[in-house]
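A closer look at the structure
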Amino acid sequence: MERAFLSSGDLIADRRASYADMLFESGDHVAAADLMRQALEITPEWTAGLFRLGEMQETAGDEGAAVDAWRKLLKLDPDDRFGAGLKLAASGYAAVPEAPPPAYVETLFDAYAPTFDNALLEKLDYRVPDLLAKAIEESAPDRRYQSVFDLGCGTGLIGSHIRERCDFLAGVDLSDAMLQKAADKRVYDSLTKGDVNEFVMPQRSVDLVIAADVFVYVGDLHRAFVNVRRALTLDGLFAFSVETHSGEDEMILQPSLRYTHSESYVHRLLSEHSMCVVSIRREDIRLDRGQPLSGLIVVAGPVPG
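Here goes a summary of the coordinates provided. (Residues numbered from 1 in each chain as written. Predicted model: local features only at pLDDT ≥ 70, side-chain atom pairs only at ≥ 80, totals over all residues. Heavy atoms only, no water.)

With that settled, consider the nonpolar core. Generally speaking, soluble globular proteins have nonpolar side chains that are buried together. Ranked by internal contacts, the top residues of the largest apolar core, which has 45 residues, are Phe109, Leu132, Tyr145, Leu208 and Ile210. Beyond its immediate chain neighbours, meaning those up to four positions away, Leu208 contacts Ile136, Tyr145, Ser147, Val148, Phe149, Ile162, Leu237 and Ala239. Counting residues in hydrophobic clusters, the runner-up holds 30 residues, among them Val172, Met201, Val206 and Ala231. (Core = buried A, V, L, I, M, F, W, Y, C linked by side-chain atoms within 4.5 Å. Buried < 20%, exposed > 50% of the residue type's maximum accessible area, 1.4 Å probe, protein only. Contact = heavy atoms within 4.5 Å.)

Shown next, in the form of structure tokens:
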């Protein structure tokens, strides 16, 4: 998905950056990085441009220059709205954080919101809402839910799948722009801005919690699972997806700046929080650079008794 273009505030710098992007897309990465560097000579504190410069330098093979750009960006933007710290971690120049900065997630999805649905559904063959809705139905055929919370609801893609099966549907997301897109679908009873690690749901009163393609931007899932377990009714369900990998590491920060989680990590964490697997399937969840991306589609619930 392409992020929205963020202006430097200077017409000449923006023009050079636009040409740099054109060169980059044509495959001339070295020339693109050089032209973006020239744009930043005009506007040296342009944070969005500085991040893009790092990306171009990295692709051009100049890793040292890219690292310098991202370190400079972190000094200019301590909240790390563009994920410079994640870039450094994914490249081996910093420790991998347990979670991405909230400002990064919010900025990322505010930028993606205008083209999000089209990019996922028409270009990336995004299957998570369909796969999760099917898994929920198979786990409890024809069940009706009184209270459903869609964590990281985004534009509401899965809300449309579950609306007819619930009395109350709440959506939670960090991005105001995503929440507005979800509101436009008119399927939610409540929409709230919040972090899935911090948002407190009504205790022991939610009979379905959904987290569709959310945990790739969460990292360590411990706090989120604590919140979910506290909210679930005795017969509640927790339906979620993760991107996965085949190695032994429980969690990996990928070059895409998304986290993948192992199946053994999912089982361990559910067990630690007194939940058990109802169903778990490895599926191709969407395309990534033209190749199928593997994920886990999981439905869990509280351990009986």
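That was the structure; now back to the text.
This paragraph deals with the environment of Gly61. For Gly61, the position within the fold is in the loop between α3 (47-59) and α4 (63-76). Given a relative accessible area of 61%, Gly61 falls into the exposed group. Placed 157 residues apart in sequence, Gly61 and Val218 show a C-alpha to C-alpha distance of 29 Å. (Helix = DSSP H or I, 4+ residues; strand = E, 2+ residues; numbered from the N terminus.)

With respect to the helices and strands, the residue Ala39 is situated in helix α2 (residues 29-42). When its relative accessible area of 0% is taken as the criterion, Ala39 is described as buried. Taking the C-alpha atoms as reference points, Ala39 and Leu50, separated by eleven residues in sequence, lie 9.5 Å from one another. With near-sequence residues (within four places) excluded, Ala39 lies in contact with Ala13, Arg16, Ala17 and Trp46.

Let us look at the side chain of Lys87. Here Lys87 lies in helix α5 (residues 84-90). In this view, Lys87 contacts Phe51, Glu55, Glu58, Trp70, Pro255 and Leu257; residues no more than four positions away in its chain are not counted.

This paragraph deals with the pairing of strand β9 (residues 291-302). Each regular strand carries side chains that alternate between the two faces of the sheet. Buried residues dominate β9, accounting for nine of its twelve residues. Inspection of the sheet shows strand β5 (residues 232-243) paired to β9 by six bridges, in the antiparallel sense. Each residue of the ladder has a partner; that of Phe238, found in β9, is Ala300. (Pairing = 2+ DSSP bridges.)

The next thing to look at is α3. The end-to-end C-alpha separation of α3 is 19 Å, in line with the 18 Å expected for 13 residues at 1.5 Å each. Most of α3 is tucked away, with ten of its 13 residues classed as buried. Taken as a whole, α3 has its buried residues at Thr47, Ala48, Gly49, Leu50, Phe51, Arg52, Leu53, Gly54, Met56 and Gln57. Contact partners of the buried residues in α3: α1 (11-26), α2, α4 and α5. (Expected span 1.5 Å × (residues − 1).)

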